[in-house]
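# Analysis of the macromolecular model
Here's the letter readout for the chains.
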Amino acid sequence: MCGIVGYVGRRPCRDILFDGLRKLEYRGYDSAGISVVQDGRFSLLHSVGNLDNLEGILDQIENGGTTGIAHTRWATHGRPSSENAHPHTDCSGRFAIVLNGIVENYVPLRAELQAEGHEFTSQTDAEVVAHLIERAYQGSLHEAVVEAYRQMEGHFTYCVIAVDEPDVIVGIRKETPLVVGLGDGENYLASAIPAFLSQTRSVIFPEDAEVVVITSEGAELFDLDGLPVRRDTQTVDWDDEAAEKAGYETFMLKEIHEQPTSLAETLAGRIAHDGSVVLEDLGLTPELIREIEQVVIVACGTSYHAGLLGKYALERWARLPVEVEVASEFRYREPVIGDDCLCIAISQSGETADTLAAMRLARQAGAGVLAVTNIVGSQATREADGVLFTRAGLEIGVAATKTFLTQELAMLLLALYLAEARGHLSPTEVRAFTDQLRTIPGLLRDYLEAGAAATVNEVASVYAPSRFFLCLGRNLGLPVALEGALKLKEISYIPTDAYAAGEMKHGPIALLEEGSPVLVVATDSFIYDKLMSNVQEVKARGARVIAVASQGNKGIEEIADDVLYVPKVHEMLSPLLSVVPLQLFAYYVAKNRGEKVDQPRNLAKTVTVE
Ligand code: F6R
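Residues numbered from 1 in each chain as written. Predicted model: local features only at pLDDT ≥ 70, side-chain atom pairs only at ≥ 80, totals over all residues. Heavy atoms only, no water.

### Focus on the site of the ligand
Definition in use: If even one non-hydrogen atom of a residue comes within 4 Å of a molecule or strand, that residue is called near it. We define a polar contact as two N or O atoms separated by no more than 3.5 Å, with the added condition that, inside protein, one atom must be a possible hydrogen donor and the other a possible acceptor, whereas residues neighbouring each other in sequence contribute only through side-chain atom pairs. To measure how exposed things are, a 1.4 Å probe is used in the Shrake-Rupley method; for residues, cover is taken only from the protein chains shown. Every helix listed is a DSSP run of H or I at least four residues long, and every strand listed is a run of E at least two residues long, numbered separately from the N terminus. Classification convention: Asp, Glu, Lys, Arg as charged; Ala, Val, Leu, Ile, Met, Phe, Trp, Tyr, Cys, Pro as nonpolar; all other residues, Gly among them, as polar.
Near the ligand lie 13 residues; those nearest to it are Ser303, Ser347, Gln348, Ser349 and Thr352. Within the side chain of threonine 352, a nitrogen or oxygen atom sits 2.4 Å from an oxygen atom of the ligand. Out of a free accessible area of 400 Å², the ligand has 90% covered by protein chains. Those elements that place two or more of their residues in the shell around the ligand are helix 10 (301-318) and helix 17 (477-492). Per-element accounting of the shell around the ligand gives the leading share, three residues, to helix 10. Broken down by class, the residue content of the shell around the ligand amounts to four nonpolar, seven polar and two charged.

The following block contains the structure:
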């Protein structure tokens, strides 16, 4: 989730590019850089940390050149460092590139280029693009960009400048954003509109695989065969804040809609061609994996719910005994664990005080510690033996959404990886699941693009005045119900309980009265019939049932008052979809009650105190 901005025009562009980066700050970053074409060469600056560091050295390059590119980086491959910051250049120093996204086949491409004598100076996947362009260049940057694109797999946007073509920037996208800003005698390419909004409101949105060539005179688009493409110019009337939210009314809604992309990032490069799972940096050798006798998952809040989902997958697929515990409790127990235990700490921030303390306790007891986190360089990554990054991109809304979904996916990948390594699933069985996992980002995208938000809003607006909600689920549906209830509590402030549906008759059913709203996670599963008996029990007490069900399940309409359908997938993967209507439901209940969802009262995004 990096930020890109490029400028070509008549004005010196160093400061214009820097201002563009400032406007992309909200996306999060750990390093930044700028490259400007000047006097037949590039002036190039990189810095680690926040943009003040880059600003502090900005006058090391003259503010003279009128073509340049700049980048803020959110590390995915290679730690945050000056060498890994973009722009990257090729061996000859004639091409500079910035990239957002992931080049999934960068390992073989890099090996191939190195064998031909190309020298790499960073650990990033992005640097291969500079060398691919160097290899392909025969006098046309446009053609070299296409040639590089044809060889790359993954999802990415990149922009390139060349000393031999000093008045041009060429960009191209594949499943990640790229937008053209049209000015007067100057033009922009960026990953998001805020980068140039103070300069122009005229924009063009290129589609995937369309090459964009901008000069000070204008912008031209071509398909991969070089044929011109026409796209309408649009005018955006957003203010700065709306632009940061990409037109969504809140960051939370934007982040819910970013989930397909975040899931694609989590998967990128982690499923090999043969369908096996590839996880680097886990810190687990095959011998260590075989020696694991027990898994303990520690986490807080939403991350705890991702841990619960992980338990089902690790037990079912890897046949490992798993305990999941809230970190604030675990840290004060005397857990019976030893060096045959793997402790998995899940924390989007990697800074939660209780989770860090629980990790330390597990380590003292001899356990190996794996951190599942979204933040490169966070404390959890420094204290763990291994790391699994969730790659959700920066989450600004306080209520976690896309970080939850990516944690869940990371846990599924981990469970499949351990299951195969321990011999509990065959390569063919793993492949059957990874083949389906690959389809999830697309299914979720289609679901959201088909107007899921509006559909859920219609139902949520009916229930928004409620004074109490109950959420029910069984098996994998239970952590989903717990997460749906947490979202409702956090942003709508409505008392909400979540229960294992089979437990209802042991007490909570007494809460129900005529019209009490009950949300049920009722996607297809082996336990569906048992769940339906529980639903009949609550219906018999006068409850109004809102069910999340698999597409095609018409029968549920006879029992439930409202049904929110999600695409049908294997039950082990269904939480990746079924939680989304619950996020949207909580969102619209809160909105209909006039609450400020991005900053719920009493909550902080990162809880660094006990
Ligand atoms: C809920 C939420 C919190 C966090 C919890 C743990 O929407 O965001 O419950 O999940 O504070 O935070 P991390 O994952 O950063 O350890």
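### Comments concerning the nonpolar core
Quick note on the threshold: Among buried residues, those of type Ala, Val, Leu, Ile, Met, Phe, Trp, Tyr and Cys that are joined through side-chain atoms within 4.5 Å constitute a nonpolar core. Residue burial is assigned from relative accessible area. The probe radius is 1.4 Å, only protein chains are included, and a residue is buried under 20% of its type maximum, exposed over 50%, and partly exposed in between. Here the limits of each domain have been adopted from an automatic or database domain assignment. Any two residues having at least one pair of non-hydrogen atoms within 4.5 Å are treated as being in contact.
Grouped together as the largest cluster of nonpolar side chains are 91 residues, with contacts concentrated most on Leu314, Trp317, Ile344, Leu437, Leu584 and Phe585. Built from parts of two domains, this core gets at least three residues from each of domain 2 (251-443) and domain 3 (452-592). Leaving out residues up to four positions away in the same chain, leucine 314 has contacts with Val295, Ile297, Arg319, Leu320, Val322, Ile344, Met411, Ala415 and Leu418. Membership of the second largest hydrophobic core comes to 34 residues, among which are Leu141, Ala148, Tyr149 and Phe156.

### Observations concerning the packing of aromatic side chains
Applied cut-off: Each Phe, Tyr or Trp ring (for Trp, its six-membered ring) is paired with any other whose centre lies within 6.5 Å, and the angle between the two planes then decides the class: stacked below 30 degrees, edge-to-face above 60, tilted in between. Any Lys NZ or Arg CZ that is within 6 Å of a ring centre and within 35 degrees of that ring's normal is treated as a charge sitting over the ring.
A complete count under the given rule lists nine aromatic pairs for this structure. Taken together, a centroid distance of 6.0 Å and an interplanar angle of 40° make the contact between phenylalanine 156 and tyrosine 158 tilted. Among the residues examined, phenylalanine 156 registers a relative accessible area of 0% and is labelled buried. Looking at tyrosine 158, the relative accessible area reads 0%, which means it is buried. For the pair tyrosine 587 and tyrosine 588, a centre-to-centre distance of 4.9 Å together with 90° between the ring planes defines the contact as edge-to-face. A single burial state applies to tyrosine 587 and to tyrosine 588, both of which are buried. Members of the aromatic cluster, joined through ring pairs, are Tyr7, Tyr188 and Phe196. Across from the ring centre of tyrosine 493, 3.8 Å away, lies the NZ or CZ of arginine 601, which sits over that ring.

### Some points on helix 4 (residues 127-136)
Think of an α-helix as 3.6 residues a turn; residues three or four steps apart then line up on the same face. Of all 10 residues that make up helix 4, nine are buried, and the element is covered over most of its length. Restricting attention to buried positions, one finds in helix 4 the residues Glu127, Val128, Val129, Ala130, His131, Leu132, Ile133, Glu134 and Ala136. Those residues of helix 4 that are buried lie in contact with strand 5 (88-89), strand 6 (95-103), helix 3 (106-115), helix 5 (141-151) and strand 7 (154-162).

### Examining the pattern of salt bridges
What counts, and what does not: By salt bridge we mean one thing: a side-chain nitrogen of Lys or Arg within 4 Å of a carboxyl oxygen of Asp or Glu.
What the rule picks out here adds up to 29 salt bridges. Close ionic contact of aspartate 225 with arginine 150 constitutes a salt bridge, the shortest N to O distance being 3.8 Å. One end of the pair, aspartate 225, is in the loop between strand 13 (219-222) and strand 14 (228-229); the other, arginine 150, is in helix 5, and 75 residues separate them in sequence. A relative accessible area of 49% means that arginine 150 is categorised as partly exposed. Salt-bridge contacts for glutamate 325 lead to arginine 333; the nearest nitrogen and oxygen are separated by 1.8 Å. Overall, the relative accessible area of 14% leaves glutamate 325 in the buried class. A single network of salt bridges, built from pairs that share partners, joins Arg22, Asp52 and Glu55.

### Here's the deal with the sheet that holds strand 6
For the record, the criterion: The rule for pairing is simple: two strands pair if DSSP sees at least two bridges between them.
Spatially, 5-6-7-8-12-13-14 is the arrangement adopted by the seven strands of the open sheet, whose pairing is antiparallel. The open sheet has two free edges, formed respectively by strand 5 and strand 14, since each of these has just one partner strand. Here strand 5 runs beside strand 6; their pairing, made up of two bridges, is antiparallel. Counted as the bridge partner of histidine 88 is isoleucine 97 from strand 6.

### Things to note about the sheet that holds strand 2 (residues 31-38)
For clarity, the threshold we go by: Note on definitions: angles span 0 to 180 degrees between N-to-C directions of axes, and those axes are lines fitted to C-alpha atoms, for helices only across the stretch in contact.
One open sheet accounts for eight strands, arranged 3-2-4-1-10-9-11-15; its pairing is antiparallel. Because the sheet does not close on itself, it has two edges, and the strands there are strand 3 (41-48) and strand 15 (234-235). Looking at chain direction, strand 9 (residues 179-182) and strand 11 (residues 202-204) are connected through two bridges and run antiparallel. The residue bridging glycine 181 from the neighbouring strand is valine 203, located in strand 11. The strands touched by helix 1 (residues 14-23) are strand 1 (3-8), strand 2, strand 4 (67-73) and strand 10 (187-190); relative to strand 2, the strand with the most contacts, the crossing angle is about 155°.

### Considering the pairing of strand 12 (residues 211-214)
Residues Val211 and Val213 point to one face of strand 12 and Val212 and Ile214 to the other, with burial holding for every one of them. As paired strands, strand 8 (residues 165-174) and strand 12 are joined by three bridges and run antiparallel to one another. Its bridge partner lying in strand 12, glycine 171 is registered against valine 212. Here strand 12 pairs with strand 13 via four bridges, running antiparallel. Considered in strand 13, the bridge of valine 212 is made with leucine 221. Counted along the chain from strand 12 to the antiparallel partner strand 13, the turn is four residues long.

### Focus on helix 12 (residues 353-364)
Test applied: In a helix, the anticipated span is given by 1.5 Å times the number of residues less one.
Taking 1.5 Å per residue as the helical rise, helix 12 with its 12 residues ought to reach 16 Å, and the 17 Å between its terminal C-alpha atoms agrees with that figure. Here the buried face of helix 12 lies against strand 16 (294-299), helix 11 (327-330), strand 18 (341-347), strand 19 (368-373) and helix 13 (379-383). Phi turns positive one or two residues past the end of helix 12, at glycine 366, with a value near 100°.

### Here's the deal with empty space enclosed by the protein
For the record, the criterion: A pocket here means an open set of points on a 1 Å grid, computed over the protein atoms alone, that has protein on both sides within 12 Å along at least five of seven lines. A cavity is instead a set of points where a 1.4 Å probe fits but cannot get out; residues with an atom within 4 Å of a point line either one. Grid points are joined across faces, edges and corners, and a volume is the space filled by probe spheres set on the points.
Throughout the structure, instances matching the rule amount to three cavities of 30 Å³ or more. Taken as a whole, the largest cavity holds about 130 Å³ of empty space. Surrounding the largest cavity, 16 residues form its lining, Arg474, Leu476, Gly477, Thr523 and Ser525 being those nearest its centre. Elements that contribute at least two residues to the lining of the largest cavity include exactly helix 17, helix 18 (528-540) and helix 19 (575-592). Across the lining of the largest cavity, the residue classes tally to seven nonpolar, six polar and three charged.

### Observations concerning the side chain of serine 303
On the secondary structure map, serine 303 appears in helix 10. Residue serine 303 is classed as buried on the basis of its relative accessible area, which comes to 8%. Residues contacting serine 303, with those up to four places away along its chain left out, are Ile346, Ser347, Gln348 and Gln407.

### Thoughts on the domain arrangement of the protein
This is how the line gets drawn: Accessible-area loss on putting two parts together, using a 1.4 Å probe and summing over both, is the definition of buried area adopted here.
The domain boundaries assigned to the protein delineate domain 1 (3-243), domain 2 (251-443) and domain 3 (452-592). The gap between the C-alpha centroids of domain 1 and domain 2 is 33 Å. Across the contact, 13 residues belong to domain 1 and 14 residues belong to domain 2. Of the roughly 1200 Å² buried at the junction of domain 1 and domain 2 (both faces included), carbon and sulfur atoms supply 64%. Of all residues in domain 1, Tyr26, Trp74 and His155 bury the most surface against domain 2, accounting for 42% of the area lost on that side. The interface formed by domain 1 and domain 2 includes zero salt bridges. At the junction of domain 1 and domain 2, the tally comes to one residue pair in polar contact (both at pLDDT 80 or more). Taken together, the residues of the side of domain 1 that touches domain 2 sort by class into five nonpolar, five polar and three charged.

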